[in-house]
Structure formats: structure tokens, C-alpha cells
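One-letter residues, chain by chain:
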Amino acid sequence: MIDLRSDTITKPTKAMREAMYNAEVGDDVYGEDPSINKLEKLAAQMLGKEAALFVTSGTQGNQIAVLTHCRPGDEIILDEDAHIFFYEGGAISAFAGVQPRTIKSENGLLCPDKLKEAIRSDDIHFPDTSLICLENTHNRGGGAAIPPSHMEKLFTVANEHNIPVHLDGARLFNAAVALNEPLTEFTKYTTTVQICLSKGLGAPVGSILAGPKDFIQKARKWRKRLGGGLRQVGILGAAGLIALNDMVDRLAEDHESAKALAKGLDKHPQLSIANNVDTNIVLIDISKTGKHSTEFIDMLKKAEILAVPFGPSTVRFTTHYDLNKQQIEDAVQKILSFEF
Ligand SMILES: *Cc1c(COP(=O)(O)O)cnc(C)c1O
């Protein structure tokens, strides 16, 4: 199988498994796990924030951010394709009790003027706007890498209204590598940020939530309330350290693979590339094939290729380090031979 469903399917490397075996551990609920303490310190430093917290998943990191920033009845602004709105099971409403105010983005780019208009004024009828959520790279925007200059514009609007900004940076490292900018160029335009260790960086489990020290202290309590306070979790932290130290630069290879895949598939007369392929995601528009994306996915499966539907006429392919160049080439050749 050539598995292009997601970069989450990557398995821990040999170095990670060895580090996990040898990890120094303690009880992290007591703050005594040396590997996690090291990971949180390194992550905070890399992200240019005062403090960081290891969380079980990207979703948990985002939800703890919303819970910590907001009170029930508040409103948060995010784009209608944001992962936090689209793919987290309605958790912002179920847990934090906030209501989402969505705006439409263009390939993941939120318009600063639309953002400004969506912020509530001080009126007894209105909910309080207590958080703005951004996403980079933007998943439903086809892995779009949002430049720091654009984030700055949105952060300026947020600051004018004293509203914190949370960045869902599940794939922020991909943006940093693609645009050749340091991570801190992005995170300086956010109050808090969540990054995934378990996607392209290859760790088996975990995300990081980073932000101001007092915020992370409160977030730690929310994590405990949600049952996310883990004990000898340095076993996972050891893999996370390798993810941050050794796995970032190689993301460029995933981006090259995605470009090669897109270039190859574009030759099929009934397929067209629906995104810019900034990073490791390729969206294919299949409307000219007359097939529904689920039928197309079935055809792929028969050819031993896995991908995910992204709407009725769009299919998503994601590249990652568990794929080699030959597999990308094979996938292209197989799909080019499809007749509809
Ligand atoms: C994958 C992803 C998440 C959630 O991460 P999980 O670890 O799967 O919960 C959040 N935001 C974005 C943009 C993602 O791509």
C-alpha cells in the first residue's frame, strides 16, 4: 500500500524507539519527569514562548487553549474551514461552551478587514469576543503556508481590540520550512500556539501548547481536568525531543514529494491540482472524471493507494517520511493509467 492519507501515519523512527526505551522518567503530574521537562523547555524556546505544556494530541492542545482563554458564552472568531471548527467534534461548544463566529478564508488566508468586522463591540446584547484562532499551515486550504507578514496584519487587528490569538500550528514546522522563516517569525504574532509532534515530525503521540507562563499554568489545570495529566510520560517525551531536534529540516523532502506528485497527476486530462502545493498536501479536483470522491478513493484502493476524500469532488494526498521517491512515482504511474 502507498499510504497518502496523512502524515499522522508515520511510525516512530529507530532513534525514537531507542530513546523511548532509555528515557529517564518520573511522575509528570508532580512535575518530576525529566524528559518531559526537557521537552517543554526546548519547545518553549523554539516557539519563542515563556512556557510549554505536553498534551496528548493536537485536538487536546487546541481545546485546552480555548478552555483557558475563554468563558462559557464567549464568542471566538475563526475561519469556517479551521480544524478547530470543522474537525474537532464540536468540542469548543461541548466543553468550553463558546460559540464560533466563522468567516470565510481564501485558501486559508483570513482577510484582516473581515476579521475586524466580526469582532463584537461593547453592547449588552452581544457575546464577548474572547479569542481569535488562526491555522498555519492551513489543512483545508491545502497545506497553505501563511506568511508571517499576513499573520502580523491579523495580530495587529487583534491587539487593537485586546483579543488574544491562538495559532493551530499542527503543521507550523512545514510552513517554517516552506517559507524558510524561523518559527518565531510566525509565533511572535500569536499569544499561544499548538504544534503536533506526531504528524510530519514522526513522534508516535503528542502535541505542545505554548504561551505565557501564567496561561500555561492554567492550561496545566485544564489538562488535568480533562484527564490528560499523565505519569511516566517521558517515554513519549523522549520521542518528542527527537522530533524537535532531528526531524524538522527533512520536511523539505515531503514538500518535494508533494510537488512531484502534483506535477505527475496534473498530466491526467481529467484531474487537476486544486491547491498551490506549498507544503506536503496535494488536493486533486476530480470533477471532470464524473466520479464522487468516495468512488475515486475506492479505485485508488484497488490500485493499492490510500488517500482521503475532501468534499464530493476533491481528494487529499499527504506526503510524509514513511514514503520513498519510488512509491510517489509508482502512485503517479498507476493513477495516470486510470480511465473513467
Ligand atoms: C491534525 C490537526 C489537528 C489535530 O491533531 P490531532 O493530534 O489529530 O488531534 C489540529 N489542527 C490541524 C490543522 C491539524 O491538521
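Per an unreviewed UniProt entry, the recorded name for the protein chain is Threonine aldolase, and the organism is Anaerobacillus arseniciselenatis. In its Cofactor (unreviewed entry) section, UniProt records this for the protein chain: "pyridoxal 5'-phosphate". Under the UniProt heading Sequence similarities (unreviewed entry), the entry covering the protein chain gives this text: "Belongs to the threonine aldolase family."

Re the domain arrangement of the protein chain
Once the domains are mapped, the protein chain shows domain 1 (10-246) and domain 2 (250-336). Between domain 1 and domain 2, the C-alpha centre-to-centre distance is 28 Å. Taken together, the contact between domain 1 and domain 2 spans 21 residues of the former and 15 residues of the latter. Carbon and sulfur atoms supply 55% of the area buried between domain 1 and domain 2, which totals about 1,500 Å² over both sides. Contact with domain 2 buries area across many residues of domain 1, yet T10, G142 and N174 alone supply 29% of it, more than any other trio. Inspection of the domain 1/domain 2 interface yields 0 salt bridges. Summed over the shared surface of domain 1 and domain 2, the number is 7 residue pairs in polar contact (both at pLDDT 80 or more).

Considering the UniProt feature "modified residue: N6-(pyridoxal phosphate)lysine" (unreviewed entry) in the protein chain
As recorded in UniProt, the feature "modified residue: N6-(pyridoxal phosphate)lysine" (unreviewed entry) lies at K199. You can see K199 is positioned in the loop between β7 (192-196) and β8 (207-211). Beyond its immediate stretch of four places on either side in the chain, K199 contacts D7, T8, T10, A170 and R171.

Overview of the site of the ligand
Taken together, 13 residues lie around the ligand, and G58, T59, D168, R171 and K199 are the ones closest in. G58 places a polar main-chain atom, nitrogen or oxygen, 2.8 Å from an oxygen atom of the ligand. One of the side-chain nitrogen or oxygen atoms of H83 is found 3.4 Å away from a nitrogen atom of the ligand. Alone, the ligand offers 380 Å² of accessible surface; in the complex the protein occludes 85% of this. Split into classes, the residues belonging to the shell around the ligand amount to 2 nonpolar, 6 polar and 5 charged.

Some details on the nonpolar core
The nonpolar side chains of a soluble globular protein tend to be buried with one another. In terms of nonpolar packing, the biggest core is built from 54 residues, with I132, L172, I195, L197, I208 and L244 touching the most fellow members. When near neighbours in sequence (up to four residues on either side) are disregarded, I208 contacts L39, A43, L47, A52, L53, F54, V55, V193, Q194, I195 and L197. Within the second largest apolar cluster, 25 residues are counted, among which are A262, I286, F296 and I305.

Here's the deal with empty space enclosed by the protein
This structure, assessed with the given rule, holds 2 cavities of 30 Å³ or more. Of the pockets and cavities examined, the largest cavity occupies roughly 90 Å³. Residue lining of the largest cavity: 13 residues in total, with G108, L134, E135, I146 and L154 positioned closest to the centre. Secondary structure elements with two or more residues in the lining of the largest cavity: β5 (129-135) and α7 (148-160). Here the lining of the largest cavity is composed, by residue class, of 7 nonpolar, 4 polar and 2 charged. By volume, the second largest cavity amounts to about 30 Å³. Of the residues that constitute the lining of the second largest cavity, the class distribution is 5 nonpolar, 2 polar and 2 charged.

Digging into the side chain of H255
Position of H255 relative to the elements: it lies in helix α12 (residues 251-265). Residue classification places H255 among the buried residues on the basis of a relative accessible area of 5%. At 3.0 Å, the side chain of H255 forms a polar contact with the side chain of N174. Leave out the neighbours within four places in its chain, and H255 touches N174, V177, A178, D278, T279 and N280.

Criteria and thresholds
Residues numbered from 1 in each chain as written. Predicted model: local features only at pLDDT ≥ 70, side-chain atom pairs only at ≥ 80, totals over all residues. Heavy atoms only, no water. UniProt positions renumbered as here; feature names shortened; annotations may be inferred. Domains from an automatic or database assignment. Contact = heavy atoms within 4.5 Å. Buried area = accessible area lost by both parts, 1.4 Å probe. Salt bridge = Lys/Arg side-chain N within 4 Å of Asp/Glu carboxyl O. Polar contact = N/O pair within 3.5 Å; in protein donor to acceptor, adjacent residues only side chain to side chain. Helix = DSSP H or I, 4+ residues; strand = E, 2+ residues; numbered from the N terminus. Near = heavy atom within 4 Å. Areas by Shrake-Rupley, 256 points an atom, 1.4 Å probe, with all protein chains shown as cover. Nonpolar A, V, L, I, M, F, W, Y, C, P; charged D, E, K, R; others polar. Core = buried A, V, L, I, M, F, W, Y, C linked by side-chain atoms within 4.5 Å. Buried < 20%, exposed > 50% of the residue type's maximum accessible area, 1.4 Å probe, protein only. 1 Å grid on protein atoms, 1.4 Å probe; cavity = no way out; pocket = protein on both sides within 12 Å on 5 of 7 lines; lining within 4 Å. Points joined across faces, edges and corners; volume = space filled by probe spheres on them.

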